[in-house]
Amino acid sequence: MNPLVLWFHKLGSPPYFYRFAGRWLPWLYAITLIAAAVGFYGALFTAPADYQQGDSFRIMYVHVPCAWMGLFAYLFMAANGFVALVWRIKLSETLAMASAPVGAAFTFITLVTGSLWGKPTWGTWWTWDARLTSELVLLFLYFGVIGLYHAIEDRRQAARAAAFLALVGIVNLPIVHYSVIWWNTLHQAQTVSLIGPSKIAPSMLWPLLVLAFATHVYFFASVLARSRVALLELESGKDWVRALLPAPEDAHV
Amino acid sequence: MSDFFAMHGYAFYVWSAYAVFAVVLIADALAPVFARRRALRDITARLRRAASRKTS
């Protein structure tokens, strides 16, 4: 078998994944902290104030990376949910469910920071603009997935039911992304683009990209940490989990 | 320096946004740490109960 495929199969085994994640976590946290320090230095000190928005535009450096992560986490959750439903891989169920609270956290930050940015620039905390509304629906979808997962007793059935809901909710992602084009009301259109040139000065752009990198790395750190706990609980009867516990006092066994 | 903290009048909005970002993500990072500790404690307790049932 192809070594990469072989490694993927090995990674699907809970004890192997538990050790693998444990080894990577400190590095992911360290990279996150370093990238965040560099990014925030650029965001607060080197980037010049915007000629129209003044210093309020600095909210962008927390708002935009979190908005990207809210969508990215949803895609990651749905992709793992798809694998969990089709191939019934336990690790995929775990990864899908672990990404839901992280994605919800990012979406929540996006909404709150957006509100804090909207007040000084638009003159309102909230409006039923298409982008804002679809982003709120995204947060409710995360809540739905998390709620459904906790409402069903059997952990694996719960994960599959919630994964199904996550897949249905994917229809909201293009709506969030294209809402600023389809219904051009208050929220501005995107200035940073993967394809084609970005409409933003390089001195303002690089801290944003560094912070986007930091939040991506953080997302994987949080998902790995949460998956480790979920696997411990899911496999609590197995030998590999017992081996992790402090030696039992077997005086009276 | 006070100029920096004042953000030319946008201090409340900018610093609140950064604070929300920091607080929510720090809480998110700590959650699995506590959950892991609780899970290990629960599993240990369950095994101990099972072991004592067997002997009695």
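Up top you'll find the structure we're talking about.
Overview of the structure. (Residues numbered from 1 in each chain as written. Chains lettered and ligands numbered in written order. Predicted model: local features only at pLDDT ≥ 70, side-chain atom pairs only at ≥ 80, totals over all residues.)

1. What to know about the interface of chain B and chain A
Often, the extent of an interface is quoted as the loss of accessible area on bringing the components together. In this assembly, 25 residues from chain B lie in contact with 35 residues from chain A. Residue composition of the side of chain B that touches chain A, grouped by class: 18 nonpolar, four polar and three charged. (Contact = placed C-beta atoms within 7 Å. Nonpolar A, V, L, I, M, F, W, Y, C, P; charged D, E, K, R; others polar.)

2. Notes on the packing of helix α8 (residues 202-234) of chain A against helix α2 (residues 11-55) of chain B
α2(B) packs onto α8(A) with a crossing angle of 15 degrees between their chain directions and a minimal axis gap of 9 Å. Judged on the interaxial angle alone, α2(B) and α8(A) are roughly parallel. In this structure, α8(A) crosses over α2(B), and the sense of that crossing is left-handed. Contacts between α8(A) and α2(B) involve A:Y218, A:S222, A:A225, A:R226, A:R228, A:V229, A:L232 and A:E233 from the former and B:L25, B:D28, B:A29, B:P32, B:A35, B:R36, B:A39, B:L40 and B:I43 from the latter. In the contact of α8(A) with α2(B), the residues fall into 11 nonpolar, one polar and five charged. (Axes fitted to C-alpha atoms, helices over the stretch in contact; angles between N-to-C directions. Helix = DSSP H or I, 4+ residues; strand = E, 2+ residues; numbered from the N terminus. Parallel < 35°, antiparallel > 145°, perpendicular 65-115°, else oblique. Left-handed = near helix turned anticlockwise from the far one by under 90°.)

3. Notes on unusual backbone geometry
One non-glycine residue with positive phi stands out, namely A:R88, at about 55 degrees. Tracing the sequence through the fold places A:R88 in the loop between α3 (60-87) and α4 (90-122). Taking the number of C-beta atoms within 10 Å as the measure of exposure, A:R88 has 11 and is therefore exposed. In this model, B:H8 sits at a positive phi of 50 degrees, which is unusual for a non-glycine residue. Inspection of the secondary structure assignment puts B:H8 in the loop between α1 (2-6) and α2. (Buried ≥ 20, exposed ≤ 12 C-beta atoms within 10 Å, placed from the backbone.)

4. Digging into the packing of α3(A) against α8(A)
All names here are of chain A. At a minimum axis distance of 9 Å, the contact between α3 and α8 shows a crossing angle of 40 degrees. Compared by their axis directions, α3 and α8 come out oblique. Relative to α8, the crossing made by α3 is right-handed. Contacts between α3 and α8 involve M60, Y61, V64, P65, C66, W68, M69, F72 and A73 from the former and P207, L208, L211, A212, T215 and F219 from the latter. Considering only residue class, the contact of α3 with α8 consists of 14 nonpolar, one polar and no charged.

Shape descriptors only; they carry no functional weight alone.
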